[in-house]
Amino acid sequence: TVSVLYWSRMSDSATPGKATPTADAAAAAEWVPTNDEMRGFHEAEGLSEEELAKVAEVWDRVKAVEMPPSYAELARTSRTLFIAKFLIARQWDVDAAVDMFTSSCEFKIVHQLEAIPSFPAAIPVRGYDEAALQEFEGLGPRPEGLRTDYYARHVYTGAENAWHKWDKDGRPLLFEVIGGVRNELVTRCQALVPPGRPPSDITLDVHLHANEVGRVLLAYKNQGKPVAEQQHQVSVVFDCSGLGMRHTADPLIQLLKRNSTVDKRFFPEGLHRAYVVNAPTMVTVIWAVVKLWLEPRQIEKVKFFKPHQTAEGLREFIDEEHIPAFLGGKCECKGGCVGTPIDEATVPLPVDHTRESVVANRAKETVIADWAKATAAGDKLSFQIYVAQYHCVLRTRFRPDDAGEDWDGEWTDHGKTAACDGVVEATGPGALELELDNLHSMLRSKTVLYRVHKVGDPENKCDGLPNLFGMSPEEDAPKK
């Protein structure tokens with residue numbers, strides 16, 4: 001059963017936060033998929049012979065792939081269903097399912113999504129004992145000062161969501177108050193994101209943490225159950241109360257769209273059902289058009305309830321005791337069923353020290369970042385540099401205040417690249433010096449964005465936060 005922890009308890013080779021080359025020694029042995037795990041998940045009669053054959057083919061092609069611990073455990077305990085989810089997500093195209101599987105494994109491993117403890121969570125979790133969840137996960141308490149948790153405090157000044165209990169079948173429930181999302185969220189994300197990166201990096205970071213929390217909740221609820229009774233998906237309740245035209249602004253839509261895009265690309269068939277409640281007419285009209293482009297299976301996952309239908313509609317799928325009172329249920333969690341928005345005044349925006357230089361072709365420019373000066377030896381200066389198009393040769397060095405005009409301190413060469421970041425330790429009072437070298441370019445000038453600040457400066461609050469993924473803005477793929 002999945003009561004065996006996803007990572008730390010499954011074998012000597014599965015150490016916390018480390019990937020597992022294959023599910024187990026049996027991965028190389030002959031294996032025949034069956035419908036025992038599928039009934040009730042896919043179709044009442046399970047998979048056809050042709051579909052089962054495709055499951056076996058995909059497994060044969062991916063069984064040697066380096067897997068994150070949770071995937072290795074699922075491949076051990078419920079392999080047919082686990083592999084079938086990738087095929088279902090890719091309309092039973094074997095090549096596409098294999099590509100999704102390998103990309104998903106790499107994404108989770110490169111970004112260490114299962115290496116960092118999830119609890120106490122940065123997202124509100126209601127109806128569960130987080131101490132018990134922490135023990136179940138087996139990774140210890142979540143460290144303080146994590147980038148994601150810092151981002152989450154900013155995100156939750158303009159958004160409300162929470163993992164809140166479970167439905168009648170034991171699936172964890174995520175409640176999203178999408179009508180409560182505020183446009184100020186975009187402003188905060190723009191101030192936090194590194195140069196050259198989209199603001200959606202910030203909300204995506206928090207969203208991926210929420211995904212991992214949900215994964216652990218699902219495993220926790222499954223412990224002790226026979227495989228045939230376990231759940232492998234979650235459900236989401238979207239509360240549209242207060243939804244209006246302000247929510248159609250493109251920057252805000254892009255924040256939400258990025259989460260969905262990444263989920264579809266790397267997390268197969270994780271959603272059982274989406275309940276859209278308190279839905280205004282504008283939502284149902286838009287849905288009537290959107291569903292023309294969706295498959296019947298996707299359409300069946302979405303249930304709409306107008307304001308007067310919300311309470312009764314949710315009670316069909318969720319026990320009344322697990323429905324928040326503001327949606328017609330009986331639950332009134334301490335601190336609010338979906339939390340309460342964080343007071344913006346308690347989470348000040350960081351000062352954005354991003355600067356821009358246009359470096360001409362066959363030229364180079366030197367910048368002394370004297371807006372973020374070190375005052376003593378041991379001070380740390382963080383930098384992030386991004387070339388908007390193409391590449392430059394980028395160099396950095398610490399320049400002491402007492403350096404004369406002829407000073408020739410050693411540069412750190414970051415090579416010909418589109419981006420770099422790091423932290424430099426000061427030897428005394430001084431500033432970081434950047435060299436933006438475009439001498440190699442015969443024709444093109446380059447726009448370079450850079451951000452430098454002193455780590456620990458109370459005006460900044462960013463403290464050298466790295467680029468979220470090291471990915472290009474256009475491609476949510478792991479960095480090779």
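In what follows, the accompanying structure is described.

About the criteria used
Residues numbered from 1 in each chain as written. Predicted model: local features only at pLDDT ≥ 70, side-chain atom pairs only at ≥ 80, totals over all residues. Heavy atoms only, no water. Pairing = 2+ DSSP bridges. Helix = DSSP H or I, 4+ residues; strand = E, 2+ residues; numbered from the N terminus. Contact = heavy atoms within 4.5 Å. Axes fitted to C-alpha atoms, helices over the stretch in contact; angles between N-to-C directions. Expected span 1.5 Å × (residues − 1). Buried < 20%, exposed > 50% of the residue type's maximum accessible area, 1.4 Å probe, protein only. Phe/Tyr/Trp six-rings, centres within 6.5 Å; stacked < 30°, edge-to-face > 60°. Lys NZ or Arg CZ within 6 Å of the ring centre and 35° of its normal. Parallel < 35°, antiparallel > 145°, perpendicular 65-115°, else oblique. Nonpolar A, V, L, I, M, F, W, Y, C, P; charged D, E, K, R; others polar.

**Here we look at the sheet that holds strand β4 (residues 234-239)**
Reading across from one edge, β1-β2-β3-β4-β5-β6 is the order of the 6 strands in this open sheet, with mixed pairing throughout. Looking at which strands have only one partner, the edges of the open sheet turn out to be β1 (125-126) and β6 (302-305). Examined bridge by bridge, β4 and strand β5 (residues 271-277) share 6 bridges and lie parallel to one another. Its bridge partner lying in β5, Ser-235 is registered against Arg-273. With respect to the sheet, helix α8 (residues 200-222) is in contact with β1, β2 (161-166) and β3 (172-176), its orientation differing from that of β2 by roughly 5°.

**Focus: the environment of Phe-107**
Looking at where Phe-107 falls in the secondary structure, it is placed in helix α4 (residues 94-110). Sequence separation between Phe-107 and Pro-68 is 39 residues; the distance between their C-alpha atoms is 9.4 Å.

**With respect to unusual backbone geometry**
Look at the link from Phe-119 to Pro-120: it is a cis peptide, with omega at 0°. Positive phi outside glycine occurs at Arg-362, with the angle close to 55°. Residue position: Arg-362 is located in the loop between β7 (354-359) and β8 (364-374).

**With respect to the sheet that holds strand β11 (residues 412-417)**
Within a sheet, adjacent strands bond to each other through the backbone by hydrogen bonds, running parallel or antiparallel. Judged by pairing direction, the sheet is antiparallel, and its 4 strands sit side by side in the order β8-β13-β10-β11 without closing on themselves. Looking at the sheet topology across the chains shown, the edges are occupied by β8 and β11. On average, each strand axis in the sheet is inclined to that of its neighbour by 20°, with strand direction left out of account. Summarising the sheet, strand β10 (residues 392-400) and strand β13 (residues 430-437) pair through 8 bridges and their orientation is antiparallel.

**Quick look at α8**
Across its 23 residues, α8 extends 33 Å between first and last C-alpha, which sits within 8% of the 33 Å expected from 1.5 Å per residue. Counting buried positions over the 23 residues of α8 gives 21, a clear majority of the element. Phi turns positive one or two residues past the end of α8, at Gly-224, with a value near 85°.

**Focus: the packing of aromatic side chains**
In the structure shown here, the tally under the stated rule is 15 aromatic pairs. A centroid spacing of 5.1 Å and a plane angle of 65° characterise the contact between Tyr-71 and Phe-82, whose relative ring orientation is edge-to-face. Of the two residues, Tyr-71 sits in helix α2 (residues 69-77) while Phe-82 sits in helix α3 (residues 79-89), which places them 11 residues apart along the sequence. Across the pair, exposure class does not vary: Tyr-71 and Phe-82 are buried alike. Look at Tyr-71 and Phe-101: their rings are 6.0 Å apart centre to centre, the planes differ by 40°, and that puts the pair in the tilted class. Residue Tyr-71 is found in helix α2, and its partner Phe-101 is found in helix α4; the two are separated by 30 residues along the sequence. For the residue pair Tyr-71 and Phe-101, the accessibility class agrees, reading buried in each case. Members of the aromatic cluster, connected to one another through ring pairs, are Tyr-71, Phe-82, Phe-86 and Phe-101. Residue placement shows Lys-221 over the ring face of Trp-166; its charged tip is 3.6 Å from the ring centre. In this structure, Arg-355 packs its charged tip against the face of Trp-371, placed 4.4 Å from the ring centre.

**Focus: the packing of α2 against α3**
Relative orientation of the contacting elements α2 and α3 amounts to 120°, with a least axis distance of 5 Å. Judged by the angle between their axes, α2 and α3 are oblique. Facing Tyr-71, Leu-74, Ala-75 and Thr-77 of α2, the residues of α3 in contact are Arg-79, Phe-82 and Phe-86. The residue inventory of the contact of α2 with α3, partitioned by class, reads 5 nonpolar, 1 polar and 1 charged.

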